Amino acid sequence: MRVLLISANPATSPYPVYPLGLSMVSGALRGAGHQVQHFDFLQHQLSLEALSQVLADYHPELVGISIRNIDNVNLAHEVRYLSAVKNIVETIRRESGSKVILGGSAFSIMPEAILEATGADYGIVGEGERAMAEFTNHAAQGRYPENPVIRMPPSLSGTEIPSADYEPDVMAYYLQSGTVASVQTKRGCSFGCIYCTYPDLEGTRIRPRDPDGVIRDIRRLIDQHGARYIFFTDSVFNDAQGHYRTLVREMAKQGLNVPWTAFFKPGNLTADDVQLMKQTGLKAAEIGTDATTDTTLKALGKDFLFADVQACH
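I will try to describe carefully the structure that is included in this document.

A look at the overall build of the chain
Okay, step 1: A count of helices and strands for the chain gives 13 helices and twelve strands.
Okay, step 2: The C-alpha atoms of the chain give a radius of gyration of 20 Å, which matches the 20 Å a tight globule of 313 residues would have.
Okay, step 3: Here the C-alpha coordinates of the chain stretch approximately 60 × 45 × 35 Å along the principal axes.
Okay, step 4: Counting the 313 residues in the chain, one finds 48% classified as buried.

Okay, structure coming up:
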């Protein structure tokens, strides 16, 4: 089938974010034998006219829309994004008879409400790679599910988690905007911070990717796309199980040294870990501290004390 995948994220603050999840779904669809074209709403300056032209030229048989955020999480200057998705769906309805299926982290948080608000046909909650490939395979045969909301439990791990299909034009746009290139090394979060949706979106079991697959993605980003800085998008890079150590050791073994950064938490980190990460290119670390007293840390669901924060720093 001809599938058009649309990244609907319009946000540029604090910086434009490459649609990694959509690209991983694209990789799964291509692996299943389908034809895929990307349309990045932000790259095209939020132009519905540009979308209309792509629909007219490509004639998709199925359209998938990835929704990254519901709003900008800023109560003082709130901006909501679902109206943009609704406009995209309405444009598809005018220009194409294709079914429209939603996905992405925002959709997974409140699927029924977003499906109703946007007027799309279907939506996938959770991991989209396998679900989208199966949905498209069935759609090619004229078969569609009775329930418009398809729920997928977090299950992929190792080589089952596909490499992203980094679309050259889209990646070039984000790199020109000064954005680092995104790579995922694992899924899941075993922590219980009360404000975070990661465990709901990815599950509480850590599911690492194959290190060789991660390293191939990094080399491809450098060699084929000219990336100069890598961001590991994991909820927490230094996981308690130590999968990050396996990756970093393999990076060092293969002689990979590229500037990179990631999210860290206090704990699960030694001076030797830091030294090895520096050898592979670690340039910055965003450490999730969130509070300066043990009382507040406990109330936030953190599993560390402020003394651990000081030791980590």
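Having seen the model, we can carry on.
Considering the sheet that holds strand 10 (residues 230–232)
Okay, step 1: With parallel pairing, the four strands of this open sheet are ordered in space as 7-10-11-12. Across the chains shown, the open sheet's two edge strands, defined by having one partner strand only, are strand 7 (181–183) and strand 12 (282–287). Direction aside, neighbouring strands of the sheet carry axes that sit 25° apart on average.
Okay, step 2: Of the strand pairs in this sheet, strand 7 and strand 10 are connected by three bridges, and their pairing is parallel. The residue of strand 10 that forms the bridge with A181 is I230.

Observations concerning the packing of helix 2 (residues 48–58) against helix 3 (residues 82–95)
Okay, step 1: Following both chains from N to C, one finds helix 2 and helix 3 inclined at 35°, their axes separated by 10 Å at the closest point. Here the hand of the crossing between helix 2 and helix 3 comes out right-handed. Together, L48, L51, S52 and L55 of helix 2 and N87, I88, T91, I92 and E95 of helix 3 make up the contact between the two elements.
Okay, step 2: The residue inventory of the contact of helix 2 with helix 3, partitioned by class, reads five nonpolar, three polar and one charged.

Details of the state of the cysteines
Okay, step 1: For the structure shown, the criterion picks out zero disulfides.
Okay, step 2: C196 carries a free sulfur, and the closest cysteine sulfur to it, the one in C189, is 5.9 Å from it.
Okay, step 3: We classify C196 as partly exposed; its relative accessible area is 26%.
Okay, step 4: Distance from the sulfur of C312, which forms no disulfide, to the nearest cysteine sulfur (C193) is 14 Å.

Observations regarding the pattern of salt bridges
Okay, step 1: Overall, the coordinates contain 16 salt bridges when judged by the stated rule.
Okay, step 2: Measuring nitrogen to oxygen at the nearest pair gives 2.5 Å for the salt bridge that ties E127 to R207. Taken together, the positions of E127 in the loop between strand 5 (122–126) and helix 6 (129–139) and R207 in strand 9 (residues 207–208) put the pair 80 residues apart, joining distant regions of the chain. As far as the burial class goes, E127 and R207 line up, both buried.
Okay, step 3: Residue D217 is joined to R220 by a salt bridge in which the shortest nitrogen-to-oxygen separation is 3.0 Å. Here R220 and D217 lie together in helix 9 (residues 211–225), a separation of three residues that amounts to about one turn.
Okay, step 4: Taking the relative accessible area as the measure of exposure, D217 reaches 2% and is therefore buried.

A few points about the environment of F237
Okay, step 1: Relative to the helices and strands, F237 resides in the loop between strand 10 and helix 10 (243–253).
Okay, step 2: Ignoring any residue separated from it by four or fewer positions in sequence, one finds F237 in contact with T185, K186, F232, Y244, L247, V248, W260, A262, F263, F264 and M277.

Remarks on helix 7 (residues 168–176)
Okay, step 1: All of the buried residues in helix 7 are V170, M171 and Y174. Mapping the buried residues of helix 7 onto a view down its axis gives an arc of 95°, with all of them on the same face. Residues of helix 7 that are exposed and angled more than 90 degrees away from the buried face: P168, D169 and Q176.
Okay, step 2: Buried residues along helix 7 sit in contact with strand 2 (35–40) and helix 9.
Okay, step 3: Sitting at the head of helix 7, E167 places a side-chain oxygen 2.9 Å from the backbone nitrogen of D169.
Okay, step 4: Positive backbone phi, approximately 90°, marks G178, located one or two places after helix 7.

Quick look at the pairing of strand 4 (residues 99–103)
Okay, step 1: Burial within strand 4 is extensive, with four of its five residues counted as buried.
Okay, step 2: In this structure, strand 3 (residues 62–66) lies alongside strand 4, joined through five bridges in parallel fashion. Following the sheet pairing, I65 is matched in strand 4 by L102.
Okay, step 3: As a crossover connection, the stretch from strand 3 through helix 3 into strand 4 is right-handed.
Okay, step 4: The sheet contact formed by strand 4 and strand 5 spans two bridges and is parallel.

Reading guide: rules and limits
- Residues numbered from 1 in each chain as written.
- Predicted model: local features only at pLDDT ≥ 70, side-chain atom pairs only at ≥ 80, totals over all residues.
- Heavy atoms only, no water.
- Helix = DSSP H or I, 4+ residues; strand = E, 2+ residues; numbered from the N terminus.
- Rg over C-alpha atoms; globule rule 2.2 N^0.38 Å.
- Buried < 20%, exposed > 50% of the residue type's maximum accessible area, 1.4 Å probe, protein only.
- Pairing = 2+ DSSP bridges.
- Axes fitted to C-alpha atoms, helices over the stretch in contact; angles between N-to-C directions.
- Left-handed = near helix turned anticlockwise from the far one by under 90°.
- Contact = heavy atoms within 4.5 Å.
- Nonpolar A, V, L, I, M, F, W, Y, C, P; charged D, E, K, R; others polar.
- Disulfide = S-S within 2.5 Å.
- Salt bridge = Lys/Arg side-chain N within 4 Å of Asp/Glu carboxyl O.
- Arc of directions from axis to C-beta.
- Polar contact = N/O pair within 3.5 Å; in protein donor to acceptor, adjacent residues only side chain to side chain.
- Right-handed = clockwise from strand over helix to strand, strands pointing away.

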